[in-house]
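Given next are the chains, with one letter for each unit.
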Amino acid sequence: MTSTTRYTPVAIALHWLLALAIVGAFGVGLYMTGLPFSPTRLKLYNWHKWAGVTILALSALRLLWRLTHRPPADIPMAAWQLRAAHVTHQLLYVLFFAVPLSGWAYSSAAGFPIVWFGVLPLPDFVGKDKELAETLKQVHHLAAYGLGLLVVAHVAAALKHHFVDRDGLLARMGVGRA
């Protein structure tokens, strides 16, 4: 593919790194909540928080890159598909920030500080408040499940374009050939 039809190497790297981090954090999040209180559960909660902060940082970098580097032109497709793709991407970006920020706020309200990788203590996002913590917990869960559903839709659409339409869409992000 030419440079005008393919994302930049930095955009591709940020895309796949963020994708892996989100899938990993989602999986750990699902697993850890089902565990009984134990050192393993506490360790996984910390890993999940570290992943969330990392996702937040990667999301900021990705947004900054996207705002300063023009993406390739859209490939030809039905107008409704193009609109759905644009809305999905916008919602993904919103949730890239909403999920980790709501998790950080929940952790702060619950009185559990975040120390990124056990080294960098982050400031509390909100004050300790048990009632607020319960609300933020639900916000975090709903936003995470919303992000999960959008990721599934995004992957399904990409695979449809790759295997059914064979229009080179997936090659723009470094997979396959045009």
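Quick note: structure is the one above.
Starting afresh in each chain, residues are numbered from 1 along the sequence in its written order. With the structure being a predicted model, the display of local features is reserved for residues of pLDDT at least 70 and the display and counting of side-chain atom pairs for 80 or more, all residues being used for whole-chain, interface and lining totals. Hydrogens and water are ignored here; the side-chain numbers use all heavy atoms of the structure.

Draft legend 1. Layout of the packing of helix α3 (residues 79–109) against helix α4 (residues 130–165). Their axes nearest at 8 Å, the elements α3 and α4 cross at an angle of 150°. Comparing the axis directions of α3 and α4 gives the class roughly antiparallel. In the crossing of α3 with α4, the sense of the turn from one axis to the other is left-handed. Of the residues that constitute the contact of α3 with α4, the class distribution is 17 nonpolar, 9 polar and 3 charged. Between the N-to-C directions of two axes lies an angle of 0 to 180 degrees, each axis being a line fitted to C-alpha atoms and, for a helix, fitted only over the stretch in contact. Helix numbers and strand numbers start at the N terminus; a helix is a DSSP run of H or I with at least 4 residues, a strand a run of E with at least 2. Should an angle lie under 35 degrees it is considered roughly parallel, over 145 roughly antiparallel, and from 65 to 115 roughly perpendicular; all remaining angles are considered oblique. What makes a crossing left-handed is the near helix being turned counterclockwise from the far one by less than a right angle; a clockwise turn instead makes it right-handed. Polar here means any residue outside two lists: the nonpolar Ala, Val, Leu, Ile, Met, Phe, Trp, Tyr, Cys and Pro, and the charged Asp, Glu, Lys and Arg; Gly therefore counts as polar.

Draft legend 2. Here's a closer look at the packing of helix α2 (residues 39–68) against α3. Here α2 crosses α3 at 145°, and the two axes come no closer than 9 Å. In this structure, α2 crosses over α3, and the sense of that crossing is left-handed. Contacts from K49, G52, I55, L56, S59, A60, R62, L63 and R66 of α2 reach α3 at Y93, F96, F97, P100, L101, W104 and S107. In terms of residue class, the contact of α2 with α3 is built from 10 nonpolar, 3 polar and 3 charged. It only takes one pair of heavy atoms within 4.5 Å for two residues to be counted as in contact.

Draft legend 3. Representation of the pattern of salt bridges within the structure. Any Lys or Arg side-chain nitrogen found within 4 Å of a carboxyl oxygen on Asp or Glu counts as a salt bridge. A complete count under the given rule lists 1 salt bridge for this structure. The closest approach of N and O atoms between K160 and D165, which form a salt bridge, is 2.6 Å.

Draft legend 4. Quick peek at the environment of S102. Within the secondary structure layout, S102 lies in helix α3. Here the alpha-carbon distance between S102 and A143, two residues 41 residues apart in the chain, equals 8.3 Å. Beyond its immediate chain neighbours, meaning those up to four positions away, S102 contacts L136, V139 and H140. Polar contact is the term for a pair of N or O atoms within 3.5 Å; when the atoms are in protein, one must be able to donate a hydrogen and the other to accept it, and sequence-neighboring residues count only if both atoms are side-chain atoms. Among the polar contacts made by the side chain of S102, one reaches the main-chain carbonyl oxygen of A98 at a distance of 2.8 Å.

Draft legend 5. Summary view of the packing of aromatic side chains. Stacked, tilted and edge-to-face pairs are distinguished by plane angle, under 30 degrees for stacked and over 60 for edge-to-face with tilted covering the rest, among Phe, Tyr and Trp rings (Trp via its six-membered ring) whose centres lie within 6.5 Å. One pass over the structure, following the stated rule, counts 5 aromatic pairs. Here F26 and Y145 contribute two aromatic rings whose centre-to-centre distance is 5.7 Å and whose plane-to-plane angle is 90°, an arrangement assigned as edge-to-face. Taken together, the residues span a long stretch of sequence, with F26 in helix α1 (residues 9–33) and Y145 in helix α4 at a distance of 119 residues. Working definition: with a 1.4 Å probe on protein chains only, accessible area under 20% of the residue-type maximum means buried, over 50% means exposed, and in between means partly exposed. Overall, the relative accessible area of 45% leaves Y145 in the partly exposed class. For the ring pair W116 and F117, a centre distance of 5.3 Å and an interplane angle of 35° mean the geometry is tilted. Through successive ring pairs, a cluster of aromatic residues spans W50, W116 and F117.

Any functional reading would require information that these geometric values do not contain.
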